[in-house]
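Here's the letter readout for the chains.
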Amino acid sequence: MRFQFYLPTRMIFGQNCIKQNSAKLARLGTCAFIMSGKSSAADNGCLDDMTQALSSQGIQWFHYNKVTPNPSLEDVETAAAVARKKGADFIVALGGGSPIDAAKAVAVLAAGDLPADALFSQNEFETVLPLAVVPTTAGTGSEVTPYAILTNNTMETKSFLTSDQVFPRLAFLDGRYTMNLPKKVTRATMVDALTHAIEGYLAVRATAPVQLFALESLKQIGALLPVLAADGVLDLEQREQLLYASMLAGMVISQSGTTAVHAMGYSLTYFKGLEHGVANGLLITEYLRYINRARPDDVSRLLNTLCFCSLNAMQTFFTDLLGPFSLTPKEADKFAAIAAKAGNIKNTRPEPTQEELRQILDNCFLK
């Protein structure tokens, strides 16, 4: 058995964890650039908690609340210019995957004069600002990964920043900040975490520890699926359970990466506007059918962990949960061609051809 496991992020989990661990922020710097969406960080209370913690340590801070969903390369260039102007020496991200991914890119760009397009062509940088993050959704697991996914308008898809240097130094996980998420967001982000765990378990780069974390994540999510499918109302303990499962799934893909599901899902988000988690959720069952031909024991183990009796039962569940969706044959052709060029296709075992990707899309979306 041979493997490596590297995860330098300090994860601090529990209610009021920012306030109780504010001294750790002082180790990152003296001027924080806080990144968030327009209003959610203020609404859920994490902005107040973070600014009070920073102020209690004598740390100067500036709040930038202009991060948009699916941030682009141009968006992070703009934010980095502001961070440099403010003299920030570390970055704080409050929110879901979009603010955290944008903050990782800004941590690189604000540290020097690197051209923005180098984010996708390099994985080592001369200097990167330290980063602290607070996830306020339970899905992306970006608080414990070395990845940032940005909209690449030139390529008409999503592109990766991948570097061990953008692992957050600190991740504060407090389930209270997810309490008021709408049902639609809770479901979409939960499915994102679920697909991370499944893909990471099946990936070429999967290792024994990765698969243990993946199965534990799926066990936690599987116990919540009936609630999410019914009224979708989770109490604080269940919110913490989902946040924990999302963190575990993030740990999984931090080591193993993602596979063909994400490669196909990016076009559904870029061209069709589907939420990232919804796109993955609508693809996941057909992906497992494809994998099942070569690896039935692995697929059976995943289904059993999630408490699905069959792939048909799983497909019915996610169609009912996420709603119907369709593509035209021309769109399916285009999206398969784009997915076939994605790096995570080679992380899929067995590796699908463009024709097989098209067949998966056909089975999912051509009615």
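Before reading on, note that the structure itself is shown above.
Everything quoted here is computed from the prediction, not taken from an experiment. Residues take numbers from 1 onward in each chain, read along the sequence in its written order. Whole-chain, interface and lining totals are the exception, using all residues; otherwise, since this is a predicted model, local features are given only for residues with pLDDT of at least 70 and side-chain atom pairs are given and counted only at 80 or more. To get the side-chain values, take all heavy atoms of the structure and skip hydrogens and water.

Colleague: Report on the overall build of the protein, specifying residues and quantitative values.
Modeller: In this text, helices come from DSSP runs of H or I with a minimum length of four residues, and strands from runs of E with a minimum of two, each type numbered from the N-terminal end. Of the regular secondary structure elements, the protein holds 14 helices and eight strands. Values of the radius of gyration come from C-alpha atoms, whereas the globule rule sets the reference at 2.2 Å times the count of residues to the power 0.38. Computed over C-alpha atoms, the radius of gyration of the protein comes to 20 Å, within 12% of the 21 Å expected from 2.2 N^0.38 for 367 residues, which places it in the range of a compact globule. Viewed in the frame of its principal axes, the protein has a C-alpha envelope of about 60 × 45 × 45 Å. Residue burial is assigned from relative accessible area. The probe radius is 1.4 Å, only protein chains are included, and a residue is buried under 20% of its type maximum, exposed over 50%, and partly exposed in between. In the protein, buried positions account for 58% of the 367 residues. Put simply, of all contacts in the protein between residues at least 6 apart along the chain, 80% involve residues at least 24 apart. Across the protein, the mean location of the 32 positive side-chain charges is 1 Å away from that of the 34 negative side-chain charges. By the convention used here, residues are in contact when the closest approach between their heavy atoms is within 4.5 Å. As used throughout, the charge tally considers Lys and Arg to be positive and Asp and Glu to be negative, leaving His and the chain termini uncounted. Every charge is mapped to an atom, namely NZ of Lys, CZ of Arg, CG of Asp or CD of Glu.

Colleague: I'd love a proper account of unusual backbone geometry, names of residues and values included.
Modeller: The linkage connecting arginine 349 with the following residue, proline 350, adopts the cis geometry, with an omega of 0°. Mapped onto the elements, proline 350 comes out in the loop between α13 (329-340) and α14 (354-365). Positive phi values are uncommon outside glycine, yet glutamate 156 reaches one of about 55°. Turning to its location among the elements, glutamate 156 is positioned in the loop between β6 (147-152) and β7 (157-162). Classification of glutamate 156 by relative accessible area gives partly exposed; the value is 36%. One non-glycine residue with positive phi stands out, namely cysteine 307, at about 70°.

Colleague: Quick rundown of the packing of helix α10 (residues 276-292) against helix α12 (residues 311-322)? Include the residues and the values.
Modeller: With axes taken as lines fitted to C-alpha atoms, and helix axes fitted only over the stretch in contact, angles between N-to-C directions fall between 0 and 180 degrees. Following both chains from N to C, one finds α10 and α12 inclined at 170°, their axes separated by 9 Å at the closest point. Classed by the angle they form, the pair α10 and α12 counts as roughly antiparallel. From α10, Val278, Gly281, Leu282, Ile284, Thr285, Glu286, Leu288, Arg289 and Asn292 reach across to α12, where they touch Leu311, Asn312, Met314, Gln315, Phe318 and Leu322. Comment on the angle field: the value is read as roughly parallel under 35 degrees, roughly antiparallel over 145, roughly perpendicular from 65 to 115, and oblique elsewhere.

Colleague: So, the pairing of strand β2 (residues 31-35): which residues are in play, and what are the values?
Modeller: Within a regular strand, side chains alternate between the sheet's two faces. Among the five residues of β2, five are classified as buried, and the element is accordingly described as predominantly covered. Relative to strand β3 (residues 60-64), β2 runs parallel, the two being bridged by five bridges. Within β3, the position partnered with alanine 32 by the bridge is tryptophan 61. Between any two strands, pairing holds if DSSP finds at least two bridges. In this sheet, strand β4 (residues 90-95) lies alongside β2 in parallel orientation, the contact comprising four bridges. Residue alanine 32 lies in a different strand from β4, and its bridge partner there is phenylalanine 90.

Colleague: I'd like a description of the packing of aromatic side chains, backed by residues and values.
Modeller: In this scheme Phe, Tyr and Trp rings, the latter by its six-membered ring, pair at centre separations within 6.5 Å, and the angle between planes marks the pair as stacked below 30 degrees, edge-to-face above 60, and tilted otherwise. Applying the stated criterion across every chain, the model contains twelve aromatic pairs. Plain terms: the ring middles of phenylalanine 5 and phenylalanine 213 are 5.9 Å apart, the flat faces sit at 45° to each other, and that makes the pair tilted. Pair noted here: phenylalanine 5 is in the segment before β1 (10-13) and phenylalanine 213 is in helix α7 (residues 208-229), with a separation of 208 residues, a long-range link. Phenylalanine 5 gets classed as partly exposed once you look at its relative accessible area, which sits at 34%. An aromatic cluster of at least three residues, connected via ring pairs, comprises Tyr147, Phe160 and Tyr266.

Colleague: Please give an account of the environment of glutamate 216 that cites residues and values.
Modeller: Following the sequence through the fold, glutamate 216 ends up in helix α7. Taking the C-alpha atoms as reference points, glutamate 216 and phenylalanine 160, 56 residues apart in sequence, are found 27 Å from one another. With sequence-adjacent residues up to four places away left out, glutamate 216 is seen in contact with Tyr244 and Leu248.

Colleague: Requested: an account of the side chain of aspartate 192, with residues and values cited.
Modeller: One can find aspartate 192 in helix α6 (residues 183-202). Among the polar contacts listed, one links the side chain of aspartate 192 to the side chain of histidine 276, at a separation of 3.3 Å. In terms of polar contacts, aspartate 192 uses its side chain to reach the side chain of asparagine 280, at 3.4 Å. Sequence-distant contacts of aspartate 192, defined by excluding residues within four places in its chain, comprise Gly139, Thr140, His262, His276, Gly277 and Asn280. N or O atoms closer than or at 3.5 Å make up a polar contact, with two conditions inside protein: a donor-capable atom paired with an acceptor-capable one, and, for residues adjacent in sequence, both atoms drawn from side chains.

Colleague: Before we move on, could you go through the pattern of salt bridges and cite the residues and values that matter?
Modeller: Just to be clear on terms, a salt bridge is a Lys or Arg side-chain nitrogen sitting within 4 Å of an Asp or Glu carboxyl oxygen. Tallying each qualifying case throughout the model produces eleven salt bridges. One salt bridge connects glutamate 286 with arginine 289, and the closest N-O pair in it is separated by 3.1 Å. Residue glutamate 286 and its partner arginine 289 are both found in helix α10; the two are separated by three residues, about one turn of the helix. One salt bridge connects glutamate 356 with arginine 293, and the closest N-O pair in it is separated by 3.7 Å.

Colleague: Lay out the side chain of arginine 295 with the relevant residues and their values.
Modeller: Assignment of secondary structure puts arginine 295 in the loop between α10 and α11 (296-306). Among the polar contacts made by the side chain of arginine 295, one reaches the side chain of aspartate 298 at a distance of 3.1 Å. Beyond its immediate stretch of four places on either side in the chain, arginine 295 contacts Tyr201, Leu202, Arg349 and Pro350.

Colleague: Go over α7, please, and point to the residues and values.
Modeller: Between the first and last residue of a helix there are one fewer steps than residues, each counted as 1.5 Å, and that sum is the expected span. Between the first and last C-alpha of α7 there are 31 Å, a value that for 22 residues agrees with the 32 Å anticipated at 1.5 Å per step. At alanine 223, α7 shows its strongest bend, of approximately 35°, with the proline proline 226 following within four residues. Among all positions of α7, only Pro209, Val210, Ala214, Ser217, Leu218, Gln220, Ile221, Gly222, Leu224, Leu225 and Leu228 are buried. Axes are fitted to the seven residues ending at a residue and to the seven starting at it; the angle between these axes is taken as the bend at that residue.

Colleague: Pulling in residues and values, what's your account of the sheet that holds strand β5 (residues 131-135)?
Modeller: Read from one edge of the open sheet, six strands run β1-β8-β5-β4-β2-β3, paired in parallel fashion. Edge positions in the sheet fall to β1 and β3, since each of these pairs with one other strand and no more. For this sheet, the mean angle separating the axes of adjacent strands, direction not counted, is 15°. Taken together, the four bridges between β1 and strand β8 (residues 170-173) define a ladder with parallel strand orientation. Bridged to isoleucine 12 within β8 is phenylalanine 172.

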